[in-house]
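# Observations on the three-dimensional arrangement
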Amino acid sequence: MIDQSLVLIKPDGVQRGLVGEILSRFEKVGLTIVGMKMFWVTPDFAKKHYNAHVDKAFYAGLEAMITEGPVIAMVLEGVNAVELVRKMVGGTEPKSAQPGTIRGDYAHVSYEYADEKGIAIKNLIHASGNLEEAKQEVALWFTKEELHKYEPTHEKHTR
Ligand code: AMP
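Quick look at the structure, then.

Parameters and conventions
- Within every chain, residues take consecutive numbers counted from 1 along the sequence as written.
- In view of the model being predicted, local features appear only for residues whose pLDDT reaches at least 70, and side-chain atom pairs are presented and counted only at 80 or more, with totals across whole chains, interfaces and linings using the full set of residues.
- Side-chain descriptors were evaluated using all non-hydrogen atoms of the structure, hydrogens and water having been removed beforehand.
- We define the nonpolar core as a collection of buried residues of types Ala, Val, Leu, Ile, Met, Phe, Trp, Tyr and Cys that are connected through side-chain atoms lying within 4.5 Å of one another.
- In this scheme, a residue with accessible area under 20% of its type's maximum is buried, one over 50% is exposed, and one in between is partly exposed, where area comes from a 1.4 Å probe on protein chains only.
- Each helix is a run of H or I in the DSSP string that is no shorter than four residues. Each strand is a run of E no shorter than two, and both are numbered from the N terminus.
- Two residues qualify as a contact provided that any one of their heavy atoms is within 4.5 Å of a heavy atom in the partner residue.
- A single heavy atom is enough: if one lies within 4 Å of a molecule or strand, its residue is considered near that molecule or strand.
- Throughout this description, a polar contact denotes any pair of N or O atoms lying within 3.5 Å of each other; where both atoms belong to protein, one of them has to be capable of donating a hydrogen while the other can accept it, and for residues adjacent in sequence the pair is counted only when both atoms sit in side chains.
- We get accessible surface area from the Shrake-Rupley algorithm with a probe of 1.4 Å; when it comes to residues, only the shown protein chains can shield them.
- Lys, Arg, Asp and Glu make up the charged group, whereas Ala, Val, Leu, Ile, Met, Phe, Trp, Tyr, Cys and Pro make up the nonpolar group; the residues left over, Gly among them, are polar.

### Some details on the nonpolar core
One recurring pattern in soluble globular proteins is that nonpolar side chains are buried together. Among the nonpolar cores identified, the biggest contains 23 residues, and F26, L76, V85, I102 and I125 are the most heavily contacted of them. Breaking this core down by element, the ones donating at least two residues are β1 (2–9), α2 (19–28), β3 (71–79), α5 (81–89), α6 (102–106) and β4 (125–127). Here I125 is in contact with V7, L8, K10, I22, F26, V89, I102 and R103, once residues within four sequence places are set aside. Listed in part, the 18 residues of the second largest apolar core include L8, V34, F45 and V75.

### Let's talk about the site of the ligand
K10, H53, D115, I121 and N123 are the nearest of the 14 residues found near the ligand. A distance of 3.0 Å separates a nitrogen atom of the ligand from a polar atom in the side chain of D115. Within the side chain of H126, an N or O atom sits 3.2 Å from an oxygen atom of the ligand. Protein coverage of the free-state accessible area of the ligand, which is 480 Å², stands at 85%. Secondary structure elements with two or more residues in the shell around the ligand: α4 (59–66) and α7 (111–117). Its residues assigned to classes, the shell around the ligand shows eight nonpolar, four polar and two charged.

Here it is as structure tokens:
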């Protein structure tokens, strides 16, 4: 039941100075940060990470967006972490993401707007979609040595 999710604060979130706000939500809910780094994604690496999207019409914009500045990459661990993180992040389109979710609270644009401008939708975060994707993404982004096991002192109450 305890799993790990790969979470990215994308260049729009880093450049807007929202790293602390976003991180604090994940910490407060009781998730454990087991790995974290700042990384400037290259076009080659973007193609690996967004492998499922390379043939889509919006891929050029997506690659431009994810490579336009450094991202904060992290691995968050907790009870059903993959599902929990997706719930906290909210729907892909900020316009329809629920208030209270990260995308719903810190962004507002629509697919229609992004498509008309020919850019990827700026939605601050990437989070693994399911357990299988999470395993592949954690392995793509982090070596074993970059992931840490330690005892969070609040675990007695949060798990
Ligand atoms: P995901 O793998 O779910 O993170 O999707 C990749 C990213 O592509 C999303 O987070 C958006 O930033 C972007 N994206 C997805 N669908 C569209 C779309 N129709 N138009 C523009 N950008 C999109």
